[in-house]
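Coordinate analysis (summary)
Chain residues, written in single-letter form:
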Amino acid sequence: MNWNSHQFEMLDWAIIVIGVALVAWFVCRAIRRSKAAKVGGETSDDYFLSGRNETWFTIGAAIFAANIGSEHLVGLAGAGAETGLGMAHWEMQGWMILILGWFFVPFYEHSRIFTMPEFLSRRFTRNTSSALSLITLVSYVLTKVSVTAITGGIFFEGLLGLPFWYGAIGLVLLTGVFTIFGGMKGVMTISAIQTPILIIGAFLVLFLGLHALGSGSIVDGWNAMLAHAQTLNKGVDETNYGINHLMHFEESDPLYGRFPGFGVFIGAAIIGFWYWCTDQHIVQRVLAARNMNEARKGTIFAGYLKILPVFMFLIPGMVAAALYARPDFAALMTNAEGEMVTDEAFSAMVRYVLPVGVKGIVTIGFISALVTSLAAHFNSSATLFTIDFYKHYHPEASEQKLVWMGRMATLAVVILGVAWIPVMQMMGKSLYGILQEMQSLIAPAIAAVFILGVFTKRVTPKAGEIGLIVGFLIGMGRLAIMAIFPAKVGSPDFLDYPTFIQSFLGINWLWFEIYLLVFTMLLMISISFFTKQASEEKLKGITFLTQSPEQKAATRASWGKMDVITSLGVVLICILFYIYFW
């Protein structure tokens, strides 16, 4: 047997089959034991929040696992090969998870909620809650589920040689069955199993890739990768602006339009706040904690884990771009037209640098990661529909009925996700670029509502409702205009558009996001002067200024000196990363 084969051998396939079977057995065993310990059957707390009894390690691993999906294995590594460190702003977000743990967990815990829309219903109005539920459900079905399935199909095709549709539909159906019967307990269990395998496997790819690039030296490989990155990104002035740094300040830099100076940091932070502090499929993991102390420790642990994806996926993509000069490696990520396919950077690295046997072990972690990420979306979608819609109109429904409805909602999301895949494919790569910007159009309104809703009591219920709806409609209006007028900014076709359209679309996507956040917050503050404020009873315990003495004492008792020290460690690492790669 050729242990350095660049293909999957029988040993790899045997390890994958046995490993996946063992993971499935372990998860089923954990679910059975959890159900056996319950008297009176499975409750909605059990199915949607794992009984609110998870520890900090499982919480942190679940947050990390929910985030890591095929968009990282395919998209982030591909972005590393194409644009270098520019996308690291969206990944170096460990500090943002600390904001969830330190500032938002207390309010979520005191409220004993299931969903983020449920929180907005208590703080603002039922219409605010319904609007957020609809926005989240539609975005999950039409973007996250479908994109994960498509990029998963691409990954399996590049790594294992499976036909695209086998990989995409197989991933969705396997995950759907797993989520329907496993619920949140299954998601949390597989998260704890796959996280260490995924991290070790990805770092093996990184170090062995650097070893190969440096002809036996990891340090030389690192220097060679940075040197190659510096030769890329050539401007019209023939200057090599490079992709080995985070910030792009020169307007003549071809990447300035995508990563415009300080705007990229602020814009990434807005999206990060929405995703890490208010998005259902992330916060739901925190709500499963047994108490506030475990929840906060879980977010601190997740903060450290979130530092890793840049090194696990993005930098291996940069290594792949440097290795592309070697014919034997280039053959693994070149299409029939002889062009480099950056989306296959990570799968090419796995096949090129890992020996036979290790490929199989590492692939188990990757498969588990894809299932976990997609299952997180499925379970969160089911929770949103069941709690925010079905339970609202059927308050008398039994716990068993709610669990059954959650399973049916998961099945519906699976079917809709599969049905939408061909549409996504027909829209092509241009849509994938639009989807990256979609988060910047959704995030500002939601971020504004949560920031003002938690940190001030003066913003009125009606202001929150109008702010969320108007902010979202403005974002979707820009998206619609982008779809109707798709020409690249500055191109000859773009210059034929009406002046208003040119001016509107000419605003950089990240600066538009910042402007939309500020506008939405000012709109909410203005409306609050003319509308009725919520009563003190309604606001009790769910804003910074209306916590009871008991709640403040409970929050203070939930953290200690080590929590502060370990949190500062996350912030320090993020600062050092920015200093090194500035």
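Residues numbered from 1 in each chain as written. Predicted model: local features only at pLDDT ≥ 70, side-chain atom pairs only at ≥ 80, totals over all residues. Heavy atoms only, no water.

On to the overall build of the protein chain. Tallying secondary structure elements over the protein chain gives 24 helices and 0 strands in all. With 582 residues in all, the protein chain has 59% of them scored as buried. Counting only contacts in the protein chain whose residues sit at least 6 apart along the sequence, the fraction spanning at least 24 positions is 80%. Summing over all exposed atoms, the protein chain offers an accessible surface of approximately 23,200 Å²; the carbon and sulfur share of this is 68%. (Helix = DSSP H or I, 4+ residues; strand = E, 2+ residues; numbered from the N terminus. Buried < 20%, exposed > 50% of the residue type's maximum accessible area, 1.4 Å probe, protein only. Contact = heavy atoms within 4.5 Å. Areas by Shrake-Rupley, 256 points an atom, 1.4 Å probe, with all protein chains shown as cover.)

Taken residue by residue, the protein chain gives an average pLDDT of 81. The fraction at 70 or more is 90%. No element of the protein chain has a lower mean pLDDT than helix 2 (residues 44-49), at 50, and none a higher one than helix 21 (residues 509-528), at 94. Across residues 429-433, confidence stays below pLDDT 50; counting only partners more than four residues off in sequence or on other chains, it has 4 contacts. (pLDDT = per-residue confidence, 0-100.)

This next bit is on helix 13 (residues 292-306). Relative to the 21 Å expected for 15 residues at 1.5 Å per residue, helix 13 spans 21 Å between its end C-alpha atoms, a close match to the ideal helical length. Taking burial as the measure, the 15 residues of helix 13 include 12 buried ones, the bulk of the element. Here helix 13 has its buried residues at Met292, Glu294, Ala295, Arg296, Gly298, Thr299, Ile300, Phe301, Ala302, Gly303, Leu305 and Lys306. (Expected span 1.5 Å × (residues − 1).)

Below, the discussion takes up the packing of aromatic side chains. Inspection of the entire model under this criterion finds 31 aromatic pairs. For the pair Trp56 and Phe57, a centre-to-centre distance of 6.1 Å together with 85 degrees between the ring planes defines the contact as edge-to-face. Exposure remark for Trp56: the relative accessible area of 36% places this residue in the partly exposed category. Taking relative accessible area as the criterion, Phe57 reaches 35% and is therefore assigned partly exposed. Seen from their ring centres, Trp102 and Trp559 are 5.4 Å apart, and the 65 degrees between their planes marks the pair as edge-to-face. In this pair, Trp102 sits in helix 6 (residues 94-111) while Trp559 sits in the loop between helix 23 (549-557) and helix 24 (561-581), placing the two residues 457 residues apart along the sequence. Within the aromatic cluster, the residues linked to one another by ring pairs are Trp95, Trp222, Phe265, Phe311, Phe577, Tyr578, Tyr580 and Phe581. (Phe/Tyr/Trp six-rings, centres within 6.5 Å; stacked < 30°, edge-to-face > 60°.)

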